[in-house]
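The primary structure of each chain is shown beneath.
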Amino acid sequence: TRIADAHYRLGFYYRLAEEPSRSLEHNYQAVEQYKALGDSIQVGRKSLNLANLLNALGNYSEAETIAVEGLEYIENSPQIMGSPEIRNYVAGLYNALAIATKELRNYPEALAWYEKSLALQPGREARLNIRHNVAVVLTHMDSLQAARALSRELAADSLLNDPENARLRARIIDQLGHIQGRLNLPGAEENLQTALNIRQELAYTQGVLSSYLHLGEF
């Protein structure tokens, strides 16, 4: 157990140090060590961490493989019904699969994984995030009216008034503006600009770039 945990910690620290190849190496080792120990819960948990890392690095096919394998170890665990923590791991693996399949342009499958994740996720903020991701997938599928209806509903949620949720607010407003622009509806530029302003105030570089892309397309 100590060796497995040590590999996991090293993977975490190397990720913080922006050394992804060494982080991946230790995260793979952590998963293998827990397999050898027969600890299915930890295999699932560490597989989630690894799948998220692989998604962040753009290796979506491998992320999909790792997440599916993690689910095989943890999804049918007898402890799952009595443990919110384990349900969160399973929901996280569903979400990792949704991200991977979305990026691989398998949009119907991505929607199915998001729905499975949503079914296990009671947290209001987490549900907002997942439903926003569903709106993004619907946009990719050119189901623009459905995506617009969902994004409008999410943008009206009072949870977004909390300053701590400013990034999420910007994501939802930016997506709504993007959809409005594609449908040639009023309000598109205003929403896109509002999202950009929020992201600039937060000094959120990746978000600012996303805003510029949507504004450029508009």
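Now for a look at the structure at hand.

1. Here we look at the nonpolar core
In a soluble, globular protein the nonpolar side chains are often hidden away together inside.
Stage number 1. The biggest cluster of nonpolar side chains holds 45 residues, and the ones touching the most others in it are Leu 71, Ile 74 and Leu 128.
Stage number 2. Contributions of two or more residues to this core are made by helix H2 (20-37), helix H3 (40-56), helix H4 (60-74), helix H5 (84-103), helix H6 (107-120), helix H7 (124-140), helix H8 (144-155) and helix H9 (166-182).
Stage number 3. The greatest single-element share of this core, amounting to nine residues, is contributed by H5.
Stage number 4. Those residues in contact with Leu 128, other than ones at most four positions away along the chain, are Leu 154, Asp 157, Leu 159, Leu 160, Leu 168 and Ile 172.
Stage number 5. Counting residues in hydrophobic clusters, the runner-up holds five residues, among them Ala 166, Ala 170, Ala 195 and Ile 198.

2. Some remarks on a nonpolar patch on the surface
Stage number 1. A contiguous nonpolar surface patch, about 350 Å² in accessible area, is contributed by Phe 12, Tyr 13 and Leu 16.
Stage number 2. In this fold, Tyr 13 is placed in helix H1 (residues 2-16).

3. With respect to the pattern of salt bridges
Stage number 1. Per the counting criterion, the structure on display carries nine salt bridges.
Stage number 2. Residue Glu 69 is joined to Lys 35 by a salt bridge in which the shortest nitrogen-to-oxygen separation is 2.7 Å. Note that Glu 69 is positioned in helix H4 and Lys 35 in helix H2, a separation of 34 residues in sequence.
Stage number 3. Lys 35 sits in the partly exposed class, given a relative accessible area of 22%.
Stage number 4. Residue Glu 103 is joined to Lys 102 by a salt bridge in which the shortest nitrogen-to-oxygen separation is 3.6 Å.
Stage number 5. By relative accessible area, Lys 102 is classed as buried at 15%.

4. Focus: unusual backbone geometry
Stage number 1. Notably, Glu 18 is not glycine yet its phi reads approximately 60°, a positive angle.
Stage number 2. Mapped onto the fold, Glu 18 is located in the loop between H1 and H2.
Stage number 3. Overall, the relative accessible area of 69% leaves Glu 18 in the exposed class.
Stage number 4. Positive phi, close to 65°, is recorded for Arg 105, a residue that is not glycine.
Stage number 5. By the element assignment, Arg 105 lies in the loop between H5 and H6.
Stage number 6. With a relative accessible area of 67%, Arg 105 lands in the exposed category.

The rules behind each value
Residues numbered from 1 in each chain as written. Predicted model: local features only at pLDDT ≥ 70, side-chain atom pairs only at ≥ 80, totals over all residues. Heavy atoms only, no water. Core = buried A, V, L, I, M, F, W, Y, C linked by side-chain atoms within 4.5 Å. Buried < 20%, exposed > 50% of the residue type's maximum accessible area, 1.4 Å probe, protein only. Helix = DSSP H or I, 4+ residues; strand = E, 2+ residues; numbered from the N terminus. Contact = heavy atoms within 4.5 Å. Patch = residues over 30% accessible without salt bridge, like charges linked within 9 Å, V, L, I, M, F, W, Y side chains within 5 Å. Areas by Shrake-Rupley, 256 points an atom, 1.4 Å probe, with all protein chains shown as cover. Salt bridge = Lys/Arg side-chain N within 4 Å of Asp/Glu carboxyl O.

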